[in-house]
Structures are given as structure tokens and as C-alpha cells.
Amino acid sequence: MSEKEEQALFDYDAKLSIKEAVPMGLQHVVAAVVGIVTPGIMIAKVCNLSSGDTTIMIQTSLIFSAIATMIQLFPIFGKVGSRLPVMMGASFAYVPILMAIGGDFGIAAIFGAQLVGSILVILVGLSIKKIRILFPPLVTGTVILSIGLSLFPVAIKYMAGGAGSPDFGSAQNWLVALLTFAVVFYFNYFSKGFLKLSSILNGMIVGYVVSLVLGMVNFTPVKEASVFQVITPLYFGLDFQIVPILTLVVMFIVDAVQAIGQFTATTVGAMDREPTDKELSGGIMGSGFSNFIGSFFGSVPVATFGQNVGLVTVTKVINKYVMVFASVILLVAGFVPKVASILTTIPYAVIGGATVSVFASISMTGVRMISSQELTPRNTGVVGISLAFGIGVTLSVGCLSGFPPWVTTIFGNSEVILTTIVAVILNVLLKEHKQVAIE
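Calculation rules
- Residues numbered from 1 in each chain as written.
- Predicted model: local features only at pLDDT ≥ 70, side-chain atom pairs only at ≥ 80, totals over all residues.
- Heavy atoms only, no water.
- Helix = DSSP H or I, 4+ residues; strand = E, 2+ residues; numbered from the N terminus.
- Expected span 1.5 Å × (residues − 1).
- Buried < 20%, exposed > 50% of the residue type's maximum accessible area, 1.4 Å probe, protein only.
- Core = buried A, V, L, I, M, F, W, Y, C linked by side-chain atoms within 4.5 Å.
- Contact = heavy atoms within 4.5 Å.
- Patch = residues over 30% accessible without salt bridge, like charges linked within 9 Å, V, L, I, M, F, W, Y side chains within 5 Å.
- Areas by Shrake-Rupley, 256 points an atom, 1.4 Å probe, with all protein chains shown as cover.
- Salt bridge = Lys/Arg side-chain N within 4 Å of Asp/Glu carboxyl O.

Caption draft 1: Expanded view of helix H3 (residues 51-73). An ideal rise of 1.5 Å per residue puts 33 Å on 23 residues; H3 measures up with 33 Å between its terminal C-alpha atoms. Within H3, 19 of the 23 residues are buried, which leaves it mostly tucked inside the rest of the structure.

Here's what the structure looks like:
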């Protein structure tokens, strides 16, 4: 590669040849693909969807990850989209909430709530300056920490084989799960470059091969899947219920603020500048618009992908055509059910073993954001009390039994909602005083 060609990688608008775009684009695909498809699989299992419907959810996740990324790269009317080198994908942050909604109200209620929530996100994008004050790093970090903590039991139950499965807790499931985790752990901490970036994929491949040998994989969904299939609107339907809507709206607002952090990390880390108000506003509106369209087709909410942001900041490669190539790969995979159906055959144990470290990373992202602030009694109080209520109420099954069922659905099924509400209120009520930081 000539010096001129190499420099083009660090220029957002520079023209790239295929040989330049392919290797960097593939890195983004490898870093994102597992995170894109896994939330859909987890939600489909909770909603008891058939293998065919699960395949469709994986298809829509891949397709709308590509569409949402393209919207960010090429803003609609020059305003809806950030015009920054960010990768979008199905977000784990929404998983606890979506699993609770899907389990209690059904799959259609998820997409009805998503449609309403996405409209709100677009409005947030238009007025981000006014609402941003409610979500400083302390609050956002507390919320992200609660998201990670809420996902730990999900990963452990998956490692054991999936709650309710006949072989739940079997030694075979744990063997596969721990082997998968060990491979992810090794590549993540003892390798570099491409192998490190693809650590989760490497672990899932090894775990899947072992599962094949042990007879844990059923290929019936692959045999039944077609070679090519176009997704259809309203396949899962739309059901508008007030409790799921209120629950998901809070999560959308939190994610909008979290996106500010991701956009900022991208520009500061790879472009040596802060993001402009136009970029932040357009990025959040682009995310909202993608989720609005996605709700009609059955795509779970998409958001900025932290692992891809990290890849951009490490390599400094910001050329938009790298992301375009990655998006095209995801788009093609999304229209080929044979590819998507293979992913539905991955055993619970493999998914659990691969994702437990992802959820740990989410938690530690929250810890880093919290610790970036001075740990005064006021700040530790906001964090500690918020988590105490959010996690305590959720783990204390039946503690809200004297209230109407909707109260339990909103506040008792996920640590995230109550933690967010308490953190925002305490951050407003408690005034900062000059005090000695806790060592």
C-alpha cells in the first residue's frame, strides 16, 4: 500500500480501493456481528418464537444494523445522521427491558413501545442541550453499571443451558460454556490485533465445534430456511400498551445520552476534536429514525457499538467507505436466511460463555464513568442509593405484590429503570459541596 493510499484511511471522504476497504471493514464486521445477532436470539427465546421467526429476527437485526450505520455515514437531508465513522447494531443495553416486556406482554408489545420511544429519541436529538444536564457522567455511569449487573444472571443461566431446559445445570453445558469463556479470555487478554478484536467470535467458534462433537446442535432450522428472503413489514405486529411504552421510553432516553459518550469518544479518540452540536443532534436523530423504521419490520433497537468505537479510536481509521463495506456485508447476510438460521443453532451454553465477558465489560464501562468523577460523599450516595433500590427491588421477588401488576413490570423486572429514575432524582436534589474525596 502506497503512502497516499494509507493516508486515505485517515480521511473521512477520501476514495478507497477494495483492497484498502476490505481488511479494515472485515475487522468491524468481526467485532460487531456477534453483538448484533445475540440480543435478537435472547429475546426470541424469551418470547418462545419458532426457529423460523428467530431467523427473521436475526435477519432484521443484521439488515437494520447496516441501514442505521449508513444513515449515520450519509445523513438524510444532511441532518438525520452524524456523518461520523460509527457502527450501529442491536444493543445489549436494551436486552433486560426487552426480555421483561416480551415475557409479560409478547413480541408485538416490544415493537409498539419501540415505535413510540423512537419518536421521543428524535425529539431528544432536536433538544439535546436541554436534557443533557439530567444525565452527567455520574448518572450515565450508574445506569450503565446497572445494565451490566442485570445481565450477569442471564449469562450464567445460559451457561447452565438455559433456564427451563431439560439439561439445565448439566456438567456438559458447563464444560462447553467454560471452554468457550476460556477461549474468549485467552484471545482478549493474551493476543493482539485481529485475534484480540475477534476474541468473542473465536470463542463461539470453538464452543460451537465442541457442541457439534457432543451432539448438542440441531440443524433442522437450517434445512427449513430458504436461500433468500425479503423481510416484510408488520410481520410481528405492533401492540401499544402503556406499561411497555413507559418502560422503554426511559431506556431510550438513557441510550440517547450514552450515545453522546460514544460519539465523543469517536471524535476525541480518532479525530482529535470534540463533536459538534450538529453531529450529536444528527446522530441521536439518526438512531431514533432507524429504530422507528425498524419497529415496523421487527428489528430490536440499534445503538452505537462500543467495541467498534474502540476499534476506530485505536486504528484512527475514519474513512467512511470502510464502514460502507462492513454495512454491505451485514446487509447481504441479512437477506440470506441460510446464514441467519445457522446462528439460531448456537447452544445456550456457547452464548452464555461468550457473552459473560461482554456483560462484565459493560459493567466496567459504567465503573470507569463513575470513577472519572470525584468520589465525594454526595456522588457515592447517588451511585450507591440508586443501585440499592434498583438491584434490591428486582432481586426481592414479590416485594411489590401489594401494588397493581404494572408497578412490578416497570420497577420490579429490571434493575435499569428504577436505578435510572433514582439516580436522576438524587443528582438533582443533592447539591455538590466542596468535600474531601474518599480515598
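Caption draft 2: Up close: the nonpolar core. Counting residues in hydrophobic clusters, the biggest one holds 96 residues, and the most contacted among them are Ile43, Met57, Ile107, Leu248 and Met251. Here the element with the most residues in this core is helix H12 (residues 242-271); it accounts for 14 residues. The residues contacting Met57, other than those within four sequence positions of it, are Gly40, Ile43, Ala44, Leu49, Ile107, Phe111, Phe236, Gly298 and Val300. Leu145, Val382, Val422 and Leu426 belong to the second-largest nonpolar core, a separate cluster that totals 12 residues.

Caption draft 3: Structural context of a nonpolar patch on the surface. The grouping of Leu175, Ile205, Val209, Val213 and Leu214 at the surface amounts to a nonpolar patch, some 460 Å² of accessible area in total. Ranked by residue count, the leading element in the nonpolar patch is helix H10 (residues 199-213), at 3 residues. When you line up the elements, Leu175 lands in helix H8 (residues 171-190).

Caption draft 4: Just the side chain of Ser211, in detail. Examined against the element boundaries, Ser211 turns out to sit in helix H10. If we skip the residues at most four places from it in the chain, Ser211 touches Val176, Met216, Val217, Pro347 and Val350.

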